[in-house]
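Fold and geometry: a report
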Amino acid sequence: MKRMKLGAWFVLIFSFAVTEVTAQTASRYLITFRNKATTPFSFAVPSQFLSARSIERRRRYAIPLDSTDLPVTPSYVDSLRSVPTVTVLNVSRWLNQVSIQTTDPANALAAINRFPFVITTSPIAARLTARREGLPEVEQAVSERTFAANTLSDSSTYGASYTQVHMHNGEFLHRLGLRGQNMVISMMDAGYLNYLTVKAFDSARANNQILGTHDFVARESSVNEDHPHGMQCFSTIAANIPGQFVGTAPKASFYLYRTEEAATEYPIEELNWVCAAEKSDSAGTDVISSSLGYFQFDPPFNTPDYNHTYAQMNGNTTTIAIGADLAAKKGLLVVNAAGNEGSSPWRYIMTPADGDSVLAVGAVNVAGRVAAFSSYGPSSDGQVKPDLASLGVNTVVQHPNNAIGTSSGTSYAAPNLAGLIACLWQGFPEFSNMQIIEALRRSGSIASTPDTRIGYGIPDVKKATIDLTKNFATATGNLAQCKTTLRWTSKDVASMSYEIERKGPGETVFSKISQRMGTGNVFGTHSYTFSDSLINRPAGTFEYRIRQVMDTTQGGDFFISVVSLTNNAPCSTTTRVQVLPNPANNLLTVSIATAEAITNGRLLIHNLAGSLLYSAAVNVEAGATPVRLNISHFTNGKYFVTVYTGAEKLTTVPFIKL
């Protein structure tokens, strides 16, 4: 992630020569504050402005609080509200900015500009228009069809959506129990028409997986009556109709945010997006899925002062790219559609897909070929963009009339992949957002030769899972008293296994000596111990390696590590019993070294007269096992330790008590 200087660009974002946008054409304005002086909020009490989940994210990934985390000074906002005809719309703490609406711009702005804490006031949108059905500007025409449930072959669980899940080996994650549980995804879009009634979300509604909604355009909580685009994107992740349509993270939880006006394209929508990202951060969101993008605005903002140039697609210039990278800096993983401009004069990705910490997603068809409409990269500063690709041609979605059909666009490729990313991250909470992105890039179908259409290619989440597990797993070992003890920690489920292999002195190849199965029904962290007796083994160096078998297909296994241990002397081929120290004072250690485990043994101590003074059951593993005894109550003299296995006496060893 690039280091950004926070401060100067707050002032510059909308400080344009705006001669073409006047009070007669604009009614919504951006107010930029000078500072956050006199704020009542403190870094010492983050719970005042961040949820416990958000605070935990910062703790887990060692993300420090900074000035952008502090809310805008409330008295500044109250001062704006006190100005006649002014309505405060949305407030951005990251940018220290506020959007307002006024019916008397000339007088309202004159009053606002007299406040000493205000730096700039700039037009940002015309009057809010009536809601319009139709696709947001990011989306092109789509092909649509409807179909019945498909239960053929191994698509019986997913139905028609099998292809878009299988394209990334997504079913591998789902079989591991990783379906988005305990992960939170925020959607940014133009509306979620009928999400409260269509069948794709029956399960999500019944299980209270929709945690909250907010409309940053109309400033209300409801998003059910707006544009269908967001609902369709949402369905690629959350749908749960077994045998017909199952999304990529059907067990995740969601926030649904409307930031796009759809009927028009104005700069205010970028600020709306940033405010929604801030709300996502505060609420404890893990993944943002955004199917919006900007480069050109509608009149009266269709001017060089407001439209973006390709040179500005550098990840650090536009309001929305700065906000998206700030979201990533706070630990969220931001997934955004690359755009559908591949066949248009613009041609390139749109913002915020240009963000250096944003995972931009292009579109391919079922054969893996890039869609003609999918926007070109790179970003203007040379970053590989798009980063990755997913199915964006005839992607299966829920339509608002309750039919399951298809639509096309990078808008659907992005959430389809975002759901699987949430499932992958669910299994690896120890890794940061950028580490997850890097693992996905390494798993791409053209990772070694990224291009300007699909970046690193179509990611394989099974490869990414193996990659991350290999980086996570650790193994150690120690050798004592003719016994090697191996300890390892990795991630697994009960269907996975570990094969322990050994190469001894004089041997040229490893040999499998044991196998251990994984644990549990949901992929998670587990630790294991294995002991290997070196009785009957020569002195020298023993090497051990642990093969983790995650999948029986090619490439489905890897070696955790090689542990090298040296035994300086050969171990006896017979059972040995040593008494240490000898003579002894108050404490006595009886070391029993044996090639075979003893499960029904007994340890006896007699005095010279033959009287039994001590008797205890002992279970001894192969190798050397110490048995520690307190003999402080024995009188000084000579004693005998005898070890039995069942009725058979193994040996008797004398010792002196001082």
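Residues numbered from 1 in each chain as written. Predicted model: local features only at pLDDT ≥ 70, side-chain atom pairs only at ≥ 80, totals over all residues. Heavy atoms only, no water.

1. Topic: the overall build of the chain
For the chain, the helix and strand inventory stands at 13 helices and 29 strands. Viewed in the frame of its principal axes, the chain has a C-alpha envelope of about 115 × 60 × 45 Å. Relative to its full complement of 658 residues, the chain shows a buried share of 58%. Of the side chains in the chain, 53 bear a positive and 50 a negative charge, and the two mean positions are spaced by 11 Å. (Helix = DSSP H or I, 4+ residues; strand = E, 2+ residues; numbered from the N terminus. Buried < 20%, exposed > 50% of the residue type's maximum accessible area, 1.4 Å probe, protein only. Lys, Arg positive; Asp, Glu negative; His and termini not counted. Charge placed at Lys NZ, Arg CZ, Asp CG, Glu CD.)

2. Notes on the pairing of strand 1 (residues 28-33)
For strand 1, a buried count of six out of six residues is recorded, marking the element as mostly surrounded by other parts of the structure. A two-sided burial pattern is seen for strand 1, the buried positions comprising Arg28, Leu30 and Thr32 on one face and Tyr29, Ile31 and Phe33 on the other. Looking at chain direction, strand 1 and strand 4 (residues 118-125) are connected through six bridges and run antiparallel. When the bridges of strand 4 are listed, Phe33 appears paired with Val118. Pairing analysis gives five bridges linking strand 1 to strand 3 (residues 97-102), with the strands arranged antiparallel. Looking across to strand 3, one finds that Tyr29 is bridged to Ile100. (Pairing = 2+ DSSP bridges.)

3. A closer look at the side chain of Asn336
Take Asn336: it is sitting in strand 11 (residues 333-337). Those residues in contact with Asn336 that sit more than four places away from it in its chain are Trp273, Ser290, Leu292, Pro352, Ala353, Val358, Leu359, Ala360, Val361 and Ala414. (Contact = heavy atoms within 4.5 Å.)

4. Overview of the pattern of salt bridges
Taken as a whole and assessed by the stated rule, the structure comprises 30 salt bridges. With a shortest N-O distance of 3.0 Å, Lys491 and Glu430 are connected by a salt bridge. In this pair, Lys491 is assigned in strand 17 (residues 483-492) and Glu430 in the loop between helix 11 (410-427) and helix 12 (433-442), connecting sequence segments 61 residues apart. On the basis of relative accessible area, Lys491 is assigned to the buried category, the value being 2%. Overall, the relative accessible area of 38% leaves Glu430 in the partly exposed class. Linking Glu438 and Arg441 is a salt bridge whose minimum nitrogen-to-oxygen distance equals 2.4 Å. Taken together, the positions of Glu438 and Arg441, both in helix 12 and three residues apart, correspond to about one turn of that helix. (Salt bridge = Lys/Arg side-chain N within 4 Å of Asp/Glu carboxyl O.)

5. Observations concerning helix 3 (residues 74-81)
Regarding helix 3, the residues found buried are Tyr76, Val77, Ser79 and Leu80. In an axial view of helix 3, the angular spread of the buried residues amounts to 155 degrees, which keeps them on one side of the axis. (Arc of directions from axis to C-beta.)

6. Points about the state of the cysteines
Taken as a whole, this structure holds zero disulfides when the rule is applied. The thiol of Cys233 is unpaired, and the distance to the nearest cysteine sulfur, on Cys423, comes to 17 Å. The class for Cys423 is buried, based on a relative accessible area of 0%. (Disulfide = S-S within 2.5 Å.)

7. Remarks on the sheet that holds strand 28 (residues 637-645)
Strands sit in the order 26-25-28-29 across an open sheet of four strands; the sheet is antiparallel. The open sheet has two edge strands, strand 26 (612-620) and strand 29 (648-657), and neither has a second partner. Along the sheet, successive strands turn relative to each other by an average axial angle of 20 degrees, direction set aside. As defined by bridge partners, strand 25 (residues 598-607) adjoins strand 26 across seven bridges and the pair is classed as antiparallel. (Axes fitted to C-alpha atoms, helices over the stretch in contact; angles between N-to-C directions.)

8. Describing the pairing of strand 5 (residues 184-189)
Here strand 5 lies mainly inside the structure; six of its six residues are buried. As paired strands, strand 5 and strand 9 (residues 253-258) are joined by six bridges and run parallel to one another. From the neighbouring strand, Ile185 faces strand 9, where its bridge partner is Phe254. Relative to strand 10 (residues 287-290), strand 5 is paired through four bridges, and the arrangement is parallel. The residue of strand 10 that forms the bridge with Met187 is Ser289.

9. Quick word on the environment of Tyr639
The topology assignment puts Tyr639 in strand 28. When neighbours within four sequence positions are excluded, Tyr639 is seen to be in contact with Ile605, His606, Asn607, Leu613, Phe634, Val653, Pro654, Phe655 and Lys657. Polar side-chain contacts of Tyr639 include one of 2.6 Å to the backbone oxygen of Thr635. (Polar contact = N/O pair within 3.5 Å; in protein donor to acceptor, adjacent residues only side chain to side chain.)

10. So, the confidence of the model for the chain
Mean pLDDT over the chain stands at 90; residues scoring 70 or higher make up 91%. In the predicted structure, residues 1-19 sits below a pLDDT of 50 and forms 45 contacts with residues beyond four places in sequence or in another chain. Note on residues 130-154: pLDDT is under 50 here. Beyond four places in sequence and across chains, it has 74 contacts. (pLDDT = per-residue confidence, 0-100.)

11. Focus on the nonpolar core
Counting 90 residues, the largest nonpolar core has Ile185, Phe201, Val335, Leu359, Ile436, Leu440 and Trp488 as the members making the most contacts within it. No other element matches the 11 residues that helix 11 contributes to this core. Contact partners of Phe201, with chain neighbours within four places excluded, come to Tyr195, Met231, Phe234, Ser235 and Ala238. Counting residues in hydrophobic clusters, the runner-up holds 54 residues, among them Tyr29, Leu89, Val98 and Val184. (Core = buried A, V, L, I, M, F, W, Y, C linked by side-chain atoms within 4.5 Å.)

12. Overview of helix 12
Each α-helix winds once per 3.6 residues, and so residues spaced three or four apart point in a common direction. Within helix 12, seven of the 10 residues are buried, leaving the element largely enclosed by the surrounding structure. Those residues of helix 12 not exposed but buried are Asn433, Met434, Ile436, Ile437, Ala439, Leu440 and Arg441. Those residues of helix 12 that are buried are in contact with helix 10 (319-329), strand 11, strand 12 (358-364), strand 13 (388-391), helix 11 and helix 13 (461-472).

13. Some remarks on the packing of aromatic side chains
Both the distance between ring centres and the angle between the ring planes are used here to describe each pair of aromatic rings. Scanning the entire structure with this criterion turns up 23 aromatic pairs. Residues Tyr639 and Phe655 carry aromatic rings whose centres are separated by 5.6 Å and whose planes lie at 20 degrees to one another, so their mutual orientation is stacked. Of this pair, Tyr639 sits in strand 28 while Phe655 sits in strand 29, placing them 16 residues apart in sequence. In this pair, the class of Tyr639 matches that of Phe655, namely buried. Positioned over the ring face of Tyr376 is Arg347, at 3.6 Å from the centre of the ring. Lying across the ring of Phe472, Lys491 places its NZ or CZ 4.7 Å from the centre. (Phe/Tyr/Trp six-rings, centres within 6.5 Å; stacked < 30°, edge-to-face > 60°. Lys NZ or Arg CZ within 6 Å of the ring centre and 35° of its normal.)

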